[in-house]
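What follows is the residue order along each chain.
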Amino acid sequence: MDKTIQAYEEVIAKLKEWVNENYDPEDAGRNGDCLDGLGSDDCYEIGCCKGSSRSAYDIGQILDMDLEDIIYEDEEDD
């Protein structure tokens, strides 16, 4: 196998693994508003989870992965 193709396949495999480890449909769907009563550390963690999870979803879409749809906070109340 061509080394370039092999390297490409290894990168794709690592990206898919990262997506699977970091995508959470609920985290990706957070509205980004910090809840009253939370400290700044909690708000930071929520923002990081949302950002990482949304990035994982977007990369998964580019890689044509079959991921669960994002669950937006507003939809949970329905």
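Quantities reported herein were computed from a predicted structural model and do not represent experimental measurements.

Scoring rules and cut-offs
- Residues numbered from 1 in each chain as written.
- Predicted model: local features only at pLDDT ≥ 70, side-chain atom pairs only at ≥ 80, totals over all residues.
- Heavy atoms only, no water.
- Helix = DSSP H or I, 4+ residues; strand = E, 2+ residues; numbered from the N terminus.
- Contact = heavy atoms within 4.5 Å.
- pLDDT = per-residue confidence, 0-100.
- Buried < 20%, exposed > 50% of the residue type's maximum accessible area, 1.4 Å probe, protein only.
- Patch = residues over 30% accessible without salt bridge, like charges linked within 9 Å, V, L, I, M, F, W, Y side chains within 5 Å.
- Areas by Shrake-Rupley, 256 points an atom, 1.4 Å probe, with all protein chains shown as cover.
- Salt bridge = Lys/Arg side-chain N within 4 Å of Asp/Glu carboxyl O.
- Lys, Arg positive; Asp, Glu negative; His and termini not counted.
- Charge placed at Lys NZ, Arg CZ, Asp CG, Glu CD.
- Phe/Tyr/Trp six-rings, centres within 6.5 Å; stacked < 30°, edge-to-face > 60°.
- Core = buried A, V, L, I, M, F, W, Y, C linked by side-chain atoms within 4.5 Å.

**A closer look at the overall build of the protein**
Right, so step 1: Summing up its helical and strand segments, the protein has four helices and zero strands in all.
Right, so step 2: For the protein, the N- to C-terminal ordering of α and β elements is α-α-α-α.
Right, so step 3: Summarising the internal contacts of the protein: among those between residues at least 6 apart in sequence, 72% fall at separations of at least 24.

**Brief notes about the confidence of the model for the protein**
Right, so step 1: When the pLDDT values of the protein are averaged, the result is 86; 83% of them are 70 or greater.
Right, so step 2: Across the protein, the element-wise mean pLDDT spans from 65 in helix H4 (residues 73-76) up to 97 in helix H1 (residues 3-22).

**So, unusual backbone geometry**
Right, so step 1: With phi around 60°, aspartate 64 is a residue other than glycine that occupies positive phi space.
Right, so step 2: Topologically, aspartate 64 is positioned in the loop between helix H3 (40-62) and H4.
Right, so step 3: With a relative accessible area of 70%, aspartate 64 lands in the exposed category.

**So, the side chain of serine 53**
Right, so step 1: Checked against the element boundaries, serine 53 lands in helix H3.
Right, so step 2: The residues contacting serine 53, other than those within four sequence positions of it, are Asn22, Tyr23, Asp24, Asp27 and Ala28.

**Describing the environment of serine 53**
Right, so step 1: Exposure remark for serine 53: the relative accessible area of 0% places this residue in the buried category.
Right, so step 2: Expressed as a C-alpha distance, the spacing of serine 53 and aspartate 24, which sit 29 residues apart in the sequence, is 5.7 Å.

**As for a negative patch on the surface**
Right, so step 1: Negative charge collects at one region of the surface, where Asp24, Glu26, Glu68 and Asp69 lie side by side.
Right, so step 2: Mapped onto the elements of the fold, glutamate 68 is located in the loop between H3 and H4.

**With respect to the packing of aromatic side chains**
Right, so step 1: Applying the stated rule across the entire model yields one aromatic pair.
Right, so step 2: Taking 5.4 Å as the distance between ring centres and 35° as the angle between the ring planes, the aromatic pair formed by tyrosine 23 and tyrosine 57 counts as tilted. Pair noted here: tyrosine 23 is in the loop between H1 and helix H2 (25-28) and tyrosine 57 is in helix H3, with a separation of 34 residues, a long-range link.

**Focus: the nonpolar core**
Right, so step 1: Counting residues in hydrophobic clusters, the biggest one holds ten residues: Ile12, Val19, Tyr23, Ala28, Ala56, Tyr57, Leu63, Met65, Leu67 and Ile70.
Right, so step 2: Not counting chain neighbours up to four residues away, the residues in contact with leucine 67 comprise Val19, Asn20, Tyr23, Ala56, Tyr57, Gly60 and Gln61.

**Considering the pattern of salt bridges**
Once the charged atoms of two side chains with opposite charge are near each other, the side chains can pair.
Right, so step 1: Enumeration over the complete set of coordinates arrives at two salt bridges.
Right, so step 2: When the shortest N-O distance is used, the salt bridge between arginine 30 and aspartate 27 registers 3.4 Å.
Right, so step 3: Classification of arginine 30 as partly exposed rests on a relative accessible area of 27%.

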